[in-house]
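Chain residues, written in single-letter form:
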Amino acid sequence: MKKYLLYILLFFLLVAVVDVTVGKSLDYCLNHLKGGEYHSLQYAMKETKADVLVFGSSRAINHYVPKVIEDSLGMTCYNCGFHAQGIIFQYGRLRYILNRYKPKLVIYDVEYHFDLGKGDNERYLDMLKPYCSDTCIANYFKEFSWKEYIKNYSRLYRYNSNFVDLLKDYSSGKDKSIKGFEPRKEVMDYDVEKTTVSPVEIDSVKLYYLKKFVLACKTHRIPLVMFVSPRYDVTSTTVHEPIKAFCVENEVPFYDYFTHTYYQSHKGLFADSKHLNEEGAYYYTKQIVKNLTQVNSTHD
């Protein structure tokens, strides 16, 4: 019996050694990236001290050009958008960044599925798991889900959904972004059927973290502006009425370009029906800096 207990103990000891060793190796890779998507993630989390930060999903990455914002506002800018991510992920990032420094302006591009609609909320934590050694993120996990907090004691678990992509970026990753902005070179040369978007069922958890995001900005006296950037395949919708009402209630400037007529009639500004191409992004960013200038002047 003692022999079997010893084998069991040795097995768990071996698992622990492998977990820590491989986990620390992946930590090393994350901390020594020279390019790729994870390099942009790491830079936004740990290095940027830009005056203006842009948050949101891929539509943020593809639609907001830091250079245009910098030239117009006279402030530095970094695009912190990340593919297929929403408020649960972005609030965690903001919370982490605010431990380092205080930006002068925050832009949030709303995507109704990721920021409002019902869904698998725990998946939005995946890209934050590697940062669970930091008390700020560890506490966020503890607040959000005790189950996820306990699981992250395993260093391997922190990378279980992204270690392959991380290793690719470490070995050969190249930055596609310019200060976080990823220009799309394609031009949409096909037709799509334009439809309306039905209202989504509001997720109370996402709404809670939207409020936390707003509160964090207000607590640090950082002006926050929310936008909905253009889409080509939608003619009219009420899907953003809840976020509009939320912004009115919380005194957050809100600008809706989702079905703006100019973009609806200029297909050449899109890479696909949901994302602007590089020309479209420059045009859109030049348009929204007028809104930003107005908001910024009220906080001077």
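One can find the structure itself at the top, above this paragraph.
Definitions and limits used
- Residues numbered from 1 in each chain as written.
- Predicted model: local features only at pLDDT ≥ 70, side-chain atom pairs only at ≥ 80, totals over all residues.
- Heavy atoms only, no water.
- Helix = DSSP H or I, 4+ residues; strand = E, 2+ residues; numbered from the N terminus.
- Rg over C-alpha atoms; globule rule 2.2 N^0.38 Å.
- Buried < 20%, exposed > 50% of the residue type's maximum accessible area, 1.4 Å probe, protein only.
- Contact = heavy atoms within 4.5 Å.
- Areas by Shrake-Rupley, 256 points an atom, 1.4 Å probe, with all protein chains shown as cover.
- Lys, Arg positive; Asp, Glu negative; His and termini not counted.
- Charge placed at Lys NZ, Arg CZ, Asp CG, Glu CD.
- Salt bridge = Lys/Arg side-chain N within 4 Å of Asp/Glu carboxyl O.
- Polar contact = N/O pair within 3.5 Å; in protein donor to acceptor, adjacent residues only side chain to side chain.
- Phe/Tyr/Trp six-rings, centres within 6.5 Å; stacked < 30°, edge-to-face > 60°.
- Lys NZ or Arg CZ within 6 Å of the ring centre and 35° of its normal.
- Core = buried A, V, L, I, M, F, W, Y, C linked by side-chain atoms within 4.5 Å.
- 1 Å grid on protein atoms, 1.4 Å probe; cavity = no way out; pocket = protein on both sides within 12 Å on 5 of 7 lines; lining within 4 Å.
- Points joined across faces, edges and corners; volume = space filled by probe spheres on them.
- Disulfide = S-S within 2.5 Å.
- Pairing = 2+ DSSP bridges.
- Axes fitted to C-alpha atoms, helices over the stretch in contact; angles between N-to-C directions.

Draft legend 1. How the structure looks around the overall build of the protein. Looking only at helices and strands, one finds 13 helices and nine strands in the protein. What you see for the protein is a C-alpha radius of gyration of 21 Å, in line with the 19 Å of a compact globule of 300 residues. A principal-axis box enclosing the C-alpha atoms of the protein has dimensions of 75 × 40 × 40 Å. Relative to its 300 residues, the protein shows a buried fraction of 53%. Sequence-distant contacts, at least 24 apart, represent 81% of the contacts inside the protein between residues at least 6 apart. Of the roughly 14,600 Å² of accessible surface on the protein, a fraction of 56% belongs to carbon and sulfur atoms. Distance between charge centres in the protein, computed from 39 positive and 35 negative side chains, equals 7 Å.

Draft legend 2. Structural context of the pattern of salt bridges. Evaluation of the coordinates by the stated rule reveals 15 salt bridges. A salt bridge links Lys185 to Glu278, with the nearest nitrogen and oxygen atoms 2.6 Å apart. Here the residue Lys185 occupies a position in the loop between helix 9 (163-172) and strand 4 (195-197), and Glu278 occupies one in helix 13 (residues 278-298), the gap between them amounting to 93 residues. Judged by its relative accessible area of 61%, Lys185 falls in the exposed class. One salt-bridge network, held together by shared partners, links Asp126, Lys129, Glu148 and Lys151.

Draft legend 3. Local environment of the side chain of Asp109. Here Asp109 lies in strand 3 (residues 105-109). Arg59 provides the closest opposite charge to the buried, unpaired Asp109, separated from it by 4.4 Å. At 2.8 Å, the side chain of Asp109 and the side chain of Ser229 are in polar contact. Non-local contacts of Asp109, meaning those with residues more than four positions away in its chain, are made with Phe55, Gly56, Arg59, Ala60, Tyr64, Asp115, Phe227, Val228, Ser229 and Tyr284.

Draft legend 4. Quick look at the packing of aromatic side chains. Scanning all chains against the criterion turns up 25 aromatic pairs. Judged by centre distance (6.3 Å) and plane angle (70°), the rings of Phe114 and Tyr124 are edge-to-face. Here Tyr124 lies in the loop between helix 6 (112-115) and helix 7 (135-144) and Phe114 lies in helix 6, a separation of 10 residues in the sequence. Residue classification places Phe114 among the buried positions, given a relative accessible area of 18%. What makes Tyr124 buried here is its relative accessible area of 4%. Within the aromatic cluster, the residues linked to one another by ring pairs are Tyr64, Phe227, Tyr255, Tyr257, Tyr262, Tyr263, Tyr283 and Tyr284. In this structure, Lys194 packs its charged tip against the face of Tyr232, placed 4.0 Å from the ring centre.

Draft legend 5. Focus on the nonpolar core. Within the largest apolar cluster, 63 residues are counted, with the highest numbers of intra-cluster contacts made by Phe55, Phe213, Leu224, Met226 and Ile243. The element best represented in this core is helix 5 (residues 87-98), accounting for eight residues. Beyond its immediate stretch of four places on either side in the chain, Phe55 contacts Ala60, Cys80, Gln90, Arg93, Leu94, Ile97, Val106, Ile107, Tyr108, Asp109 and Phe213. Among the nonpolar cores identified, the runner-up in size contains 28 residues, and Val52, Ala60, Val65 and Leu276 belong to it.

Draft legend 6. Spotlight on empty space enclosed by the protein. Applying the stated criterion to the full structure yields one cavity of 30 Å³ or more. There is about 60 Å³ of room inside the largest cavity. Lining of the largest cavity is provided by Glu37, Ser40, Ile61, Asn79, Gly81, Phe82, Gly180 and Glu182.

Draft legend 7. How the structure looks around the state of the cysteines. In this structure the tally under the stated criterion is zero disulfides. Considering cysteine sulfurs only, Cys136 is the nearest to Cys132, which forms no disulfide, with 10 Å between them. The class of Cys132 is buried, set by a relative accessible area of 9%. Looking at the unpaired Cys247, the closest cysteine sulfur is the one in Cys217, lying at 12 Å. The exposure class assigned to Cys247 is buried, which follows from its relative accessible area of 1%.

Draft legend 8. The arrangement of the sheet that holds strand 2 (residues 77-79) in detail. Spatial strand order, 2-1-3-5-7: five strands in an open sheet with parallel pairing. Lying at the two open borders of the sheet, with one neighbouring strand each, are strand 2 and strand 7 (254-256). Going across the sheet, the axis of each strand differs from the next one's by a mean of 15°, ignoring polarity. Pairing analysis gives four bridges linking strand 3 to strand 5 (residues 224-228), with the strands arranged parallel. Bridged to Asp109 within strand 5 is Phe227.

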